[in-house]
Amino acid sequence: MSGASIVTLLAVLVIVVGISLLTRPRHSSTVDFYLAGQRVGVATNSWAICGDYLSAASFLGVAAAVYVSGLDGAWYAVGFAAGFIPVLLLVAAPLRRFGEFSLADFLGRRLGSEPVRLATVGVIQLIILAYLVPQSVGGGITWELLVGQGLLGLSPYATGVLISTAVVAAVVALGGMRGTTWNQAVQFLLLLMALIWLAAMVASDGFRYGGAVAELSQEPLVNPAYTPEGWVLVPEINQIDAGQPATFGEPGSRYGRLGQVALVVTLAMGTAGLPHVMNRYFTAPTGKAARTTTVWVLALAGLFYALAVMLGAAARTLIPGAVREHPWLEPLTVDGVLKIPEHALPVLGRIYGGEAGLGLVAAAALIAAMSTVAGLLLASAATWGHDVYERHLNPRATQRQAVLAGRVTTLVAAALAAGLALVLHPNAFTPALPSLVATMVTWAFAIAGSALTPVLVLAIWWRRTTAAGALAGLTTGTVLAVTMFTAGSLLPPSAGQELLATPTLVTAPLATLVIVLVSLRTRPPADVDSAWVLMHGTAADRRAERLAELTVGARPALPWRALPWRGRTDRQRTGEPTHEGLGDRRSRELRGDLP
């Protein structure tokens, strides 16, 4: 282990642990632990959402997908960035105005159904697991490159998986949402700085994206594959025109026409159903703040993915010429092409900055994985600790007991994700998949976009949505998505296989149709009008809010939308037992049950 590696690891640990200690919850309440007191500002929340969302799949996976698949890999960047457009237009503000602890809490309250709440918890845990595992894989890859040594007889990869996951689990259990928010905000800024530095280095060396793509496209695209004789370069098959070789700058190296559309739709629709991202909107002070936050996120994510695509092309162009000058590249490459595409950015960092450059990029990759793992663990804790433990297992739980349940859940979910990541080493999958990390995250997006997003959007915008319809939609979307992408991963490349591997283009419309048909035949919740006012308000509400902003500053006219204790009952504030949701008191206020 080099001095730069030691400094990098220590810096990451000091930043993560230090922020968690400084920002740990001041009170043992679920609102503080899960929602940071609902007082997170626009700038901080936008950075934190980016830190949560721009995971190892984004930092390592998008550049890797571009490196190995060319233009087809760039569709990952397009889909990931476009995902916040539906969030901005359809979800962010109404979700925050209604205000709960989690997506399961929102759907359970909106539809007045505990079965819907529990079914949503199950779907959320499946999404979290599918998303957690590749982040842990990213941590293992980073340790393997940065340190190259294992501890206690473990391999470098296994050591990285276990240490990164354990540190984040401890941080989340200690700092809750407040500590996680500030960690994710700082980590995103460090991540963006690393990308900007690397882009500046390759640009100063004469790299130009357009010229590089044109040069790479002059020859067929080839990638390493492992055979009984060893590693060899194999030409990629053109999925659009079988008579022409696949090239870096033209579509078809990985996906056909239908597959490209299916991939972008899967990623774009999946974002609105990601629990760790959507839960962050409950931490905003108002619905307007939630919407403004999303605008910031769109701009920051666009910049991030543009740089990731550029650097994937840069790695494909520059690494072959660097093998002679850097002998350490030989065991990582086959005739100048990396065996593991996720190594692209760390290798560029070492080429241009030596051990310090590798340390910087590897630290950014480790930060990306740890930041997203933190958000996922916190989302898992919210669903199990609040939606299951408080609501069903121990309805009389005190706030201290509820927070303890969330912390225990954090540790269990981390252990399960680390165990699966140890089994899924990228060496075993790279010949079949363009990027193990990006592909596994696509599965999480497929489940989210097929099951949660249709139910969430209809619950927000269609009054007739019922609990029975939501249950049918969740079941249909989940079963179809898992069945299709499992079948797609086992079949050889074809148009049908592409649609199966990224199934949201089919499964989301089917789930939506099922929700509508079942809802039309069943009775909607009795309090749908009060829920509608909470989510969307009336024209009079909006005029009163604007008048209040002009007369008394930024505080809205409707008291539940901005006060720090918004929606919390007296029992929640004092720590006495309760399982009443954040929306329960507001609904009773609207019905006139409270003074």
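Residues numbered from 1 in each chain as written. Predicted model: local features only at pLDDT ≥ 70, side-chain atom pairs only at ≥ 80, totals over all residues. Heavy atoms only, no water.

1. So, the overall build of the chain
Part 1 of the argument: If you tally the helices and strands in the chain, you get 23 helices and four strands.
Part 2 of the argument: Here the chain holds 595 residues, and the buried ones make up 59% of them.
Part 3 of the argument: Considering only contacts in the chain between residues 6 or more positions apart, those separated by 24 or more positions represent 79%.
Part 4 of the argument: By element, 66% of the accessible surface of the chain is carried by carbon and sulfur atoms, the whole surface being about 21,700 Å². (Helix = DSSP H or I, 4+ residues; strand = E, 2+ residues; numbered from the N terminus. Buried < 20%, exposed > 50% of the residue type's maximum accessible area, 1.4 Å probe, protein only. Contact = heavy atoms within 4.5 Å. Areas by Shrake-Rupley, 256 points an atom, 1.4 Å probe, with all protein chains shown as cover.)

2. A closer look at the nonpolar core
In summary, soluble globular proteins display a tendency toward joint burial of nonpolar side chains.
Part 1 of the argument: Membership of the largest hydrophobic core comes to 131 residues, with the highest contact counts inside it found for F59, F106 and Y305.
Part 2 of the argument: In this structure, V137, I141, Y157 and A418 belong to the second largest nonpolar core, which totals eight residues. (Core = buried A, V, L, I, M, F, W, Y, C linked by side-chain atoms within 4.5 Å.)

3. Considering the side chain of R110
Part 1 of the argument: Topologically, R110 is positioned in helix 7 (residues 103–111).
Part 2 of the argument: Buried and unpaired, R110 has no salt bridge, with D527 as the nearest side chain of opposite charge at 6.1 Å.
Part 3 of the argument: Polar side-chain contacts of R110 include one of 3.3 Å to the backbone oxygen of W462.
Part 4 of the argument: Here R110 is in contact with F98, A459, W462, R463, T465, P525, V528, A531 and M535, once residues within four sequence places are set aside. (Lys, Arg positive; Asp, Glu negative; His and termini not counted. Salt bridge = Lys/Arg side-chain N within 4 Å of Asp/Glu carboxyl O. Polar contact = N/O pair within 3.5 Å; in protein donor to acceptor, adjacent residues only side chain to side chain.)

4. Description of helix 17 (residues 467–490)
Part 1 of the argument: With 24 residues, helix 17 extends 35 Å between its outermost C-alpha atoms, agreeing within 8% with the 34 Å of an ideal straight helix rising 1.5 Å per residue.
Part 2 of the argument: By the burial criterion, the buried members of helix 17 are A467, G469, A470, G473, L474, G477, T478, A481, M484, F485 and G488. (Expected span 1.5 Å × (residues − 1).)

5. With respect to the environment of A344
Part 1 of the argument: Assignment of secondary structure puts A344 in helix 14 (residues 344–393).
Part 2 of the argument: Its relative accessible area of 1% is what places A344 among the buried residues.
Part 3 of the argument: Along the primary structure A344 and A63 are separated by 281 residues, whereas in three dimensions their C-alpha atoms are 7.1 Å apart.
Part 4 of the argument: If sequence neighbours within four positions are ignored, A344 has contacts with Y67, A315, I319 and L338.

6. A short note on the packing of helix 14 against helix 15 (residues 399–423)
For any two helices packed against each other, the geometry comes down to the angle between their axes and how far apart the axes lie.
Part 1 of the argument: At a closest axis distance of 8 Å, the pairing of helix 14 and helix 15 adopts a crossing angle of 135°. In this view, helix 14 runs oblique relative to helix 15, as classed from their interaxial angle. Of the two elements, helix 14 crosses helix 15, and the hand of that crossing is right-handed. Of the residues in helix 15, those in contact with L377, S380, A381, W384, G385, Y389 and E390 of helix 14 are Q399, Q401, A402, A405, G406, T409, T410, A413 and A414.
Part 2 of the argument: Among the residues forming the contact of helix 14 with helix 15, the class breakdown is eight nonpolar, seven polar and one charged. (Axes fitted to C-alpha atoms, helices over the stretch in contact; angles between N-to-C directions. Parallel < 35°, antiparallel > 145°, perpendicular 65-115°, else oblique. Left-handed = near helix turned anticlockwise from the far one by under 90°. Nonpolar A, V, L, I, M, F, W, Y, C, P; charged D, E, K, R; others polar.)

7. Let's talk about the pairing of strand 2 (residues 230–235)
Part 1 of the argument: Where strand 1 (residues 222–227) meets strand 2, six bridges bridge the pair, whose relative direction is antiparallel. In the strand pairing of strand 2, T227 is matched with G230.
Part 2 of the argument: Hairpin geometry of strand 1 and strand 2 is characterised by an intervening segment of two residues between the two adjacent antiparallel strands. (Pairing = 2+ DSSP bridges.)

8. Section: helix 6 (residues 84–98)
Part 1 of the argument: Relative to the 21 Å expected for 15 residues at 1.5 Å per residue, helix 6 spans 20 Å between its end C-alpha atoms, a close match to the ideal helical length.
Part 2 of the argument: Buried within helix 6 we find F84, V87, V91, A92, A93, P94, L95, R96, R97 and F98.

9. Focus on unusual backbone geometry
Part 1 of the argument: Although it is not a glycine, D335 sits at a positive phi angle of roughly 50°.
Part 2 of the argument: Mapped onto the fold, D335 is located in the loop between strand 3 (333–334) and strand 4 (337–338).

10. Looking at the side chain of T181
Part 1 of the argument: By the element assignment, T181 lies in helix 9 (residues 156–204).
Part 2 of the argument: Judged by its relative accessible area of 1%, T181 is buried.
Part 3 of the argument: A polar atom in the side chain of T181 sits 2.5 Å from the side chain of R280.
Part 4 of the argument: Apart from the residues lying within four places of it in its own chain, the contact partners of T181 are V40, T44, A48 and R280.

11. Quick look at the pattern of salt bridges
Close approach of charged atoms allows side chains with opposite charge to pair.
Part 1 of the argument: Counted by the stated rule, this structure contains five salt bridges.
Part 2 of the argument: Note that R117 and D105 form a salt bridge whose closest N and O atoms lie 2.3 Å from each other. Here the residue R117 occupies a position in helix 8 (residues 114–146), and D105 occupies one in helix 7, the gap between them amounting to twelve residues. Taken individually, R117 and D105 each receive the classification buried, so the pair is uniform in this respect.
Part 3 of the argument: Here D105 and R391 are joined by a salt bridge, their closest N and O atoms 3.6 Å apart. Here R391 lies in helix 14 and D105 lies in helix 7, a separation of 286 residues in the sequence. Here D105 and R391 have matching classes, each one buried.
Part 4 of the argument: Bridged by salt links that share partners, the residues D105, E114, R117 and R391 form one connected network.

12. Regarding the packing of aromatic side chains
Part 1 of the argument: With the rule as written, the count across this model stands at eleven aromatic pairs.
Part 2 of the argument: With centroids separated by 5.8 Å and ring planes inclined at 25°, the aromatic side chains of F80 and Y305 adopt a geometry described as stacked. Highlighted residues: F80 in helix 5 (residues 71–82) and Y305 in helix 13 (residues 287–322), separated in sequence by 225 residues. Considered together, F80 and Y305 belong to a single accessibility category, that of buried residues.
Part 3 of the argument: What links up through ring pairs into an aromatic cluster is the set Y53, Y76, F80, F84, Y131, F304, Y305 and F445.
Part 4 of the argument: Above the ring of Y255, the side-chain terminus of R254 is found at 5.7 Å from the ring centroid.
Part 5 of the argument: Lying across the ring of Y67, R316 places its NZ or CZ 5.1 Å from the centre. (Phe/Tyr/Trp six-rings, centres within 6.5 Å; stacked < 30°, edge-to-face > 60°. Lys NZ or Arg CZ within 6 Å of the ring centre and 35° of its normal.)

13. Some details on the confidence of the model for the chain
Part 1 of the argument: Here the chain shows a mean pLDDT of 80. Residues at 70 or above account for 81%.
Part 2 of the argument: Here helix 22 (residues 570–574) is the element of the chain with the lowest mean pLDDT, 37, and helix 19 (residues 504–520) is the one with the highest, 96.
Part 3 of the argument: Note on residues 429–434: pLDDT is under 50 here. Beyond four places in sequence and across chains, it has 15 contacts.
Part 4 of the argument: Counting contacts from residues 554–595, a segment whose pLDDT is below 50, to residues more than four positions away or on other chains yields 104 contacts. (pLDDT = per-residue confidence, 0-100.)

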